[in-house]
Amino acid sequence: EDKVVQSPLSLVVHEGDTVTLNCSYEVTNFRSLLWYKQEKKAPTFLFMLTSSGIEKKSGRLSSILDKKELFSILNITATQTGDSAVYLCAVVGTSGSRLTFGEGTQLTVNP
Amino acid sequence: SQTIHQWPATLVQPVGSPLSLECTVEGTSNPNLYWYRQAAGRGLQLLFYSVGIGQISSEVPQNLSASRPQDRQFILSSKKLLLSDSGFYLCAWSSWGGAYEQYFGPGTRLTVT
């Protein structure tokens, strides 16, 4: 059974701080790893990673995958209060289109 | 562009009553469709997924069922709700044939009393 573990489960920082969120996984026939941001309602797609060592970047957010050590990190630099959300990590394995989600990291950015 | 709709946004139902949640997708053909439940605002649990009309795969045994009567319509149902059915229900779609990212609808918050 595919498994995703995220850490920390909760994180409180001040505006301007840099944060690193972790995601480790166990999956049969890994295909991809995805990051989502969830504020009040629907999760919104951030990144999809399929290859090791290639950084994906969007503004102040970036993510990288290590397929040897089976983990990914999501970095957020110069955090803002609008970054407060639950960040979800998910993997796709043998099943193809099915996603297995971790429990998420609740990030709170205080002014 | 593609959009996904869910309704209702919130629902309060008594134990033992029936349930019907609807999800529709616009701007794409033959999508894969998914129903998830999220408890306590954290991880998502996949309930059902569908790769085509009338094709439903169930992930978790329970008193819920799903149907796909049309290509871009996905319905989640129950004949008799339990207290444990309370939660945040999310519908999602992905492109048929290989793209893995899923896009989520706005969700339905269900409270069973």
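For the structure, check the block above.
Attention here is on the structure that accompanies the text.

Conventions adopted
Residues numbered from 1 in each chain as written. Chains lettered and ligands numbered in written order. Predicted model: local features only at pLDDT ≥ 70, side-chain atom pairs only at ≥ 80, totals over all residues. Heavy atoms only, no water. Core = buried A, V, L, I, M, F, W, Y, C linked by side-chain atoms within 4.5 Å. Buried < 20%, exposed > 50% of the residue type's maximum accessible area, 1.4 Å probe, protein only. Helix = DSSP H or I, 4+ residues; strand = E, 2+ residues; numbered from the N terminus. Contact = heavy atoms within 4.5 Å. Salt bridge = Lys/Arg side-chain N within 4 Å of Asp/Glu carboxyl O. Buried area = accessible area lost by both parts, 1.4 Å probe. Polar contact = N/O pair within 3.5 Å; in protein donor to acceptor, adjacent residues only side chain to side chain.

Some words on the nonpolar core
It is characteristic of soluble globular proteins that their nonpolar side chains tend to be buried jointly. Residues and elements named next belong to chain A. Counting residues in each nonpolar core, the largest one holds 22 residues, and the members touching the most others are Y25, F30, L33, W35, Y87, V91 and L107. Breaking this core down by element, the ones donating at least two residues are β3 (19-26), β4 (32-38), β5 (44-49), β7 (61-66), β8 (71-76), β9 (85-92) and β11 (105-110). Excluding its chain neighbours within four sequence positions, the residues that come into contact with L107 are L11, V13, V19, I76, D83, S84, A85 and Y87.

Re the pattern of salt bridges
A side chain of one charge can pair with a side chain of the opposite charge when the charged atoms of the two come close. Per the stated rule, a full pass over the model turns up five salt bridges over all chains. Between R60 of chain A and D83 of chain A there is a salt bridge; the shortest N-O distance is 2.8 Å. Here D83 of chain A lies in the loop between β8 and β9 and R60 of chain A lies in the loop between β6 (56-58) and β7, a separation of 23 residues in the sequence. On the basis of relative accessible area, D83 of chain A is assigned to the buried category, the value being 4%. The residue D85 of chain B makes a salt bridge to R37 of chain B at a minimum N-O spacing of 3.7 Å. One end of the pair, D85 of chain B, is in the loop between β8 (73-78) and β9 (87-94); the other, R37 of chain B, is in strand β4 (residues 32-38), with 48 residues separating them in the sequence. Assigned by exposure class, D85 of chain B and R37 of chain B land together as buried.

Section: the interface of chain A and chain B
At the junction of the two partners, chain A supplies 25 residues and chain B supplies 22 residues. Counting the surface lost from both chain A and chain B, the interface buries some 1800 Å², and carbon and sulfur atoms represent 57% of this. Considering only the surface of chain A that becomes buried against chain B, S97, R98 and F101 of chain A emerge as the three largest contributors, covering 29% of it. R98 of chain A is the salt-bridge partner of E59 of chain B, the closest N and O atoms lying 2.8 Å from each other. Put simply, chain A and chain B have four residue pairs in polar contact (both at pLDDT 80 or more) between them.

Quick notes on unusual backbone geometry
In this structure, the amide linkage connecting S7 of chain A to the following residue, P8 of chain A, adopts the cis form with an omega of -10°. Secondary-structure assignment places P8 of chain A in the loop between β1 (3-7) and β2 (10-14). Backbone torsion omega between W7 of chain B and P8 of chain B reads 0°, so that peptide bond is classified as cis. With respect to the secondary-structure elements, P8 of chain B resides in the loop between β1 (3-7) and β2 (10-13). The residue A78 of chain A is not glycine, and still its phi comes out positive at about 45°. Residue placement: A78 of chain A occurs in the loop between β8 and β9. Backbone geometry places N30 of chain B, a non-glycine residue, at a positive phi of 50°. Here N30 of chain B is to be found in the loop between β3 (19-26) and β4. Using a relative accessible area of 29% as the deciding quantity, one classes N30 of chain B as partly exposed.

Note that every value here comes from positions in space, so none of it alone points to a role or purpose.
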